[in-house]
Amino acid sequence: MAKQRSDSSGFINAEQAADQLGVSRATLYAYVSRGLLRAHPVADDSRRHRYARGDVAELAGKRRRGRKPVDIAKSTLDWGMPVLESGITLIRDGQLYYRGHNAVALADQASLEEVASLLWDLPGFRKFSVSSPALPDGWGPLKKHYATIPVIEALLPLFAIASEDGETGIWQQDETRLAAGAARLLGALFACVTGQDAGRYPLHMQLARAWGLDAVGADLVRRALVLCADHELNASSFTARCVASTEASLRMAIIGGLAALSGGLHGGMTERIETAWQALDPRDMATQLRRQLAAGVEFPGFGHPLYPAGDVRAKALLELIEPEFLMAADISETMTALTGKAPGIDFALVAMRRYLELPEGAAFCVFALGRAVGWIAHALEQRRQGQLIRPRAVYVGSEPK
């Protein structure tokens, strides 16, 4: 029988997967039946299956490391085995789901507030509007001072000043008041982003008004907010859960999330993309990118371990932007052709920021506003689990004298 060929979309066939794992085809199928590896049907032949390269490589690494507790502990911290249970977000087969609902489908019509009601799972309080807290005296001069500082550095201290623990402390058991307090935290974050009090309209409409957008721009921002709302146990969400596990307030969980989001391997990636984009000459962009790659410098924001066939969040935004924003399309197509990596959500947010001519730092702000909904959801879920997150370290230092 002729060998099956692999494709260029991040998948390999059964024979190649078995070879990479060093097992027989029968053992490969046993791995699938035990849930250790996921088989994806081939569109034109239901009898054949393919396997994500990243999944196979991860399983192969686990087999090489063996089952020693130390090795297992190390692997969990690097895109490894799950470390806690959550009913919020699922990433499977290259798709993203919020409590069982396809996130891309939700982005077609839902507002961030509707997604928040879904993710927070507070029975009896399914609909709310964002409202601003009473801003402290001297807020104007403070906002003016922080206006001279990059948004990625200013958003956390501004939010800490503008918000209060209020009704989101561990003592608050009334779900209506808890949800209202959480909504005020979103309002405080909105005020930090725009310098304006949050009104009663959906956040994307208020952002559109603050940034002077038309209906098309407002809809793009709405989609981006929904697609950024959560992404399972990323660094900022895990930070928010750790903070919440100590019985800190939801406000403190958001502050922890903002700190983690600012890093260059997370939401701060938008700043790196902006810098790299600014340096490109649109007249000879492809040549520049090839030379940079030859020098070992990749344009940031491409490739994602959880999406071997491409980040569905980025695709949902870029398909609406690239037809009218050719430079974004050119960068995306060139990088994908040269590296085989598809654009991620960070690149899509920067492309949207530039396409809509939003203020500098707006890509990070949209990411933070959307993801704050997820941080609150994770903090609430962690509270319900009632367990302090306290892992142990593998000591590798000098032995005691």
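Within each chain, residue numbers correspond to sequence positions counted from 1 in written order. It should be noted that, the model being predicted, local features are given only for residues of pLDDT at least 70 and side-chain atom pairs only at 80 or more, the latter also being counted only at that level, while totals for whole chains, interfaces and linings use all residues. No hydrogens and no water enter the side-chain calculation; it runs on all heavy atoms of the structure.

1. Notes on the pairing of strand β5 (residues 95–98)
The criterion, for reference: Under the scheme applied here, a residue whose accessible area is under 20% of the maximum for its type counts as buried, over 50% as exposed, and between as partly exposed, the area being computed with a 1.4 Å probe on protein chains only. Numbering of helices and strands runs from the N terminus; a helix is a DSSP stretch of H or I covering at least four residues, while a strand is a stretch of E covering at least two. Two strands form a pair only when DSSP identifies at least two bridges running between them.
Residues of β5 alternate between two faces, with L96 and Y98 buried on one and Q95 and Y97 left unburied on the opposite face. In this sheet, β5 lies alongside strand β4 (residues 89–92) in antiparallel orientation, the contact comprising four bridges. Pairing of T89 across the sheet is with Y98, part of β5. Where β4 hands over to β5, the hairpin turn is made up of two residues, of which D93 adopts a positive phi near 55°. Inspection of the sheet shows β5 paired to strand β6 (residues 101–102) by two bridges, in the antiparallel sense. Opposite Y98, over in β6, you have H101 as the bridge partner.

2. Describing the domain arrangement of the protein chain
Heads up, the rule is: Just so you know, the domain bounds were taken from an automatic or database domain assignment.
Partitioning the protein chain into structural domains gives domain 1 (11–65) and domain 2 (76–385). Here the C-alpha centre of domain 2 lies 33 Å away from the C-alpha centre of domain 1.

3. Looking at helix α8 (residues 151–162)
We count it as follows: Each C-beta atom gives one direction from the helix axis, and the arc is the one those directions make. Only heavy atoms enter the contact rule, under which two residues are in contact if any of them lie within 4.5 Å.
Looking at α8, one finds that the buried residues are I152, A154, L155, L158, F159 and A162. The buried residues of α8 all sit within an arc of 145° when viewed along its axis, so they share a single face. Buried positions along α8 lie against α7 (139–146), α9 (175–194), α13 (250–261), α14 (269–278) and α19 (362–385).

4. Side note on the packing of helix α11 (residues 215–227) against helix α18 (residues 345–355)
Definition in use: Axis definition: a line fitted to C-alpha atoms, limited for helices to the stretch in contact. Angles are taken between N-to-C directions and run from 0 to 180 degrees. We call two directions roughly parallel when the angle between them is under 35 degrees, roughly antiparallel when it is over 145, roughly perpendicular when it lies between 65 and 115, and oblique otherwise. The hand of a helix crossing depends on one turn: near helix anticlockwise from the far one by less than a right angle means left-handed, and clockwise means right-handed.
Interaxial distance between α11 and α18 falls to 11 Å at its minimum, and their mutual angle equals 160°. Classed by the angle they form, the pair α11 and α18 counts as roughly antiparallel. Where α11 crosses over α18, the handedness of that crossing is left-handed. Every residue of α18 that contacts α11 at L220, V221 and A224 is listed here: L349, M352 and Y355.

5. Some words on unusual backbone geometry
Residue R99 is not a glycine yet carries a positive backbone phi of 45°. With respect to the helices, strands and loops of the structure, R99 is situated in the loop between β5 and β6. Residue D121 is not a glycine yet carries a positive backbone phi of 55°. Examined against the element boundaries, D121 turns out to sit in the loop between α6 (112–120) and α7. Taking the relative accessible area as the measure of exposure, D121 reaches 29% and is therefore partly exposed.

6. Some thoughts on the packing of aromatic side chains
Spelled out, the test is: To pair, rings of Phe, Tyr and Trp, with the six-membered ring standing in for Trp, must have centres within 6.5 Å; the planes then decide the type, stacked if under 30 degrees apart, edge-to-face if over 60, and tilted in the middle.
Using the criterion set out here, one finds six aromatic pairs in the structure. Aromatic pair F299 and F302: ring centres 6.2 Å apart, planes at 75°, arrangement edge-to-face. You'll find F299 and F302 in the same group, each marked buried. A centroid spacing of 6.2 Å and a plane angle of 75° characterise the contact between F299 and F347, whose relative ring orientation is edge-to-face.

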